[in-house]
Amino acid sequence: MSTTGDDRNRQVYHARGVARHYQQKTLTRVEAMALLKYHATFAQLDILDLGVGAGRTTIYLAPLARRYEAIDYSPEMVATMQATMPAVSVHLGDMRDLSCFPDGSFDFVLGACNVIDAVNHEDRGRTLSEVARVLRRDGTFMFSSHNRDLFNALSAPRLELSRNPVTLLLNLLRWVRQVANHMRMTPLREVRPDYALLDDDGHDHALLHYYVRQDYERKQLQQFGFETIEVFDEAGRSLDPNERAPESPHLMYVERKH
Ligand SMILES: C[S@@+](CC[C@H](N)C(=O)[O-])C[C@H]1O[C@@H](n2cnc3c(N)ncnc32)[C@H](O)[C@@H]1O
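Heads up: these notes are all about the structure in this document. Note that the structure is predicted; figures quoted are calculated from it, not measured.

### Quick word on the overall build of the protein
Link 1 in the chain: Looking only at helices and strands, one finds seven helices and ten strands in the protein.
Link 2 in the chain: Over its C-alpha trace the protein gives a radius of gyration of 18 Å, about what one expects of a compact globule, namely 18 Å for 258 residues.
Link 3 in the chain: When the backbone C-alpha atoms are referred to their principal axes, the protein occupies close to 55 × 45 × 40 Å.
Link 4 in the chain: For the protein, the residues scored as buried account for 40% of the 258 residues in total.
Link 5 in the chain: Nonlocal contacts in the protein, meaning residues at least 24 apart in sequence, comprise 65% of its contacts between residues at least 6 apart.

This is the structure:
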């Protein structure tokens, strides 16, 4: 059987030591702005954190929640969470199948750092449907997603030049790795006007990510029972519904479940 994008992404996220790439303890500017603006949708309420990684968002959300649950399909990430935050409830599981949670069990679901982009178009539908199922009526889904309208979304890896010979050598080695990964991923790439599956800077082009246009994503979310409340660009600027934001690598969506 041929290798799929899902296989490639699993190879990266299940690799031994992957959690060391996710040791940041800070929120991005847009995450901080969106969470502050919509804090009433999760403070003292029930939160599910999808693809939690090493718990970057846990340290902010868990203390504010009435109940905080996290899920990740990587045994490495889950083991890291269990070792570093033993009091937090972390499930080893896939966001495409949230059957470990009953219908309507959360007020707020977070998908930070483009986690829902790690699956293909059909599986994105499964994920959205599962998120809608586990959310209570009027619950909020806040997530980021890669922007299909990013001006250089389709670019191949680029060598970063430097006057410093050591930096240049390191950049060159990284670029060779990126080109090798990019060539391996090329048969798996899928480019459509509204969305695309692309490798990018993330893990040196070894991952396949879903990129989507804002207007198309709004329609996709509607099909799964969501209403878009607000979309931010990377700088935390609120976008008009048809704005393309070509400078923003990803967009942050705030959705309310009907
Ligand atoms: C880019 S990391 C983001 C980690 C964390 N959310 C953060 O913001 O720091 C993506 C995470 O999603 C997890 N992931 C990817 N696909 C998944 C899936 N289908 N189900 C559950 N977790 C998944 C990966 O194992 C990884 O921990």
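### Structural notes on the site of the ligand
Link 1 in the chain: Not every one of the 20 residues close to the ligand is listed here, only the nearest: Gly51, Gly53, Ser74, Ala112 and Cys113.
Link 2 in the chain: Taken together, the residues of the shell around the ligand sort by class into twelve nonpolar, four polar and four charged.

### So, the nonpolar core
Link 1 in the chain: Formed by 47 residues in total, the largest nonpolar core has its most connected members in Ile47, Leu50, Val109 and Leu110.
Link 2 in the chain: Residues in contact with isoleucine 47, not counting those within four places in the same chain, are Phe42, Leu61, Ala65, Tyr68, Phe106, Phe108 and Leu110.
Link 3 in the chain: Core analysis: the next-biggest nonpolar cluster, separate from the first, contains ten residues, Tyr195, Leu198, Tyr210 and Tyr211 among them.

### Topic: unusual backbone geometry
Link 1 in the chain: Notably, glutamine 44 is not glycine yet its phi reads approximately 60 degrees, a positive angle.
Link 2 in the chain: Position of glutamine 44 relative to the elements: it lies in the loop between helix H2 (29-37) and strand E1 (46-50).
Link 3 in the chain: Residue class for glutamine 44 comes out exposed when judged on the 11 C-beta atoms lying within 10 Å of it.
Link 4 in the chain: One non-glycine residue with positive phi stands out, namely cysteine 113, at about 60 degrees.

### A closer look at the environment of glutamate 230
Link 1 in the chain: With respect to the helices, strands and loops of the structure, glutamate 230 is situated in strand E9 (residues 226-232).
Link 2 in the chain: Judged by local crowding, glutamate 230 falls into the partly exposed class, with 14 C-beta atoms found within 10 Å.
Link 3 in the chain: Separated by 215 residues in sequence, glutamate 230 and alanine 15 have C-alpha atoms that sit 35 Å apart.

### Topic: the environment of valine 134
Link 1 in the chain: Tracing the backbone shows valine 134 in helix H5 (residues 121-134).
Link 2 in the chain: Setting aside residues no more than four positions away along its own chain, valine 134 makes contact with Leu48, Leu98, Phe101, Asp103, Ser105, Phe106 and Val109.

### Focus: the pairing of strand E4 (residues 106-111)
Link 1 in the chain: For E4, the buried fraction is high: six of the six residues fall into the buried class.
Link 2 in the chain: Bridge count between E1 and E4: three bridges; the pairing is parallel. Directly across from leucine 48, in E4, lies its bridge partner valine 109.
Link 3 in the chain: Of the strand pairs in this sheet, E4 and strand E5 (residues 135-147) are connected by five bridges, and their pairing is parallel. The residue bridging phenylalanine 106 from the neighbouring strand is leucine 135, located in E5.
Link 4 in the chain: Of the crossover connections in this fold, the one passing from E4 over H5 to the parallel E5 is right-handed.

### Section: the pairing of strand E10 (residues 250-257)
Link 1 in the chain: Where burial is concerned, most of E10 is hidden: six out of the eight residues are buried.
Link 2 in the chain: Here E5 runs beside E10; their pairing, made up of seven bridges, is antiparallel. Bridge assignment links phenylalanine 143 to a residue of E10, and that residue is tyrosine 253.
Link 3 in the chain: With six bridges connecting them, E9 and E10 associate as antiparallel partners. The partner of phenylalanine 226 across the bridge, within E10, is lysine 257.

### Quick word on helix H4 (residues 75-84)
Link 1 in the chain: Within the sequence span of H4, burial applies to Met77, Val78, Thr80 and Met81. Buried residues along H4 cover an arc of 160 degrees about the axis, so they all sit on one side. Opposite the packed face of H4, turned more than 90 degrees from it, sit the exposed residues Pro75, Gln82 and Ala83.
Link 2 in the chain: Where the residues of H4 are buried, they touch strand E2 (67-72) and strand E3 (89-92).

The rules behind the values
Residues numbered from 1 in each chain as written. Predicted model: local features only at pLDDT ≥ 70, side-chain atom pairs only at ≥ 80, totals over all residues. Helix = DSSP H or I, 4+ residues; strand = E, 2+ residues; numbered from the N terminus. Rg over C-alpha atoms; globule rule 2.2 N^0.38 Å. Buried ≥ 20, exposed ≤ 12 C-beta atoms within 10 Å, placed from the backbone. Contact = placed C-beta atoms within 7 Å. Near = placed C-beta within 6 Å. Nonpolar A, V, L, I, M, F, W, Y, C, P; charged D, E, K, R; others polar. Core = buried A, V, L, I, M, F, W, Y, C linked by C-beta atoms within 7 Å. Pairing = 2+ DSSP bridges. Right-handed = clockwise from strand over helix to strand, strands pointing away. Arc of directions from axis to C-beta.

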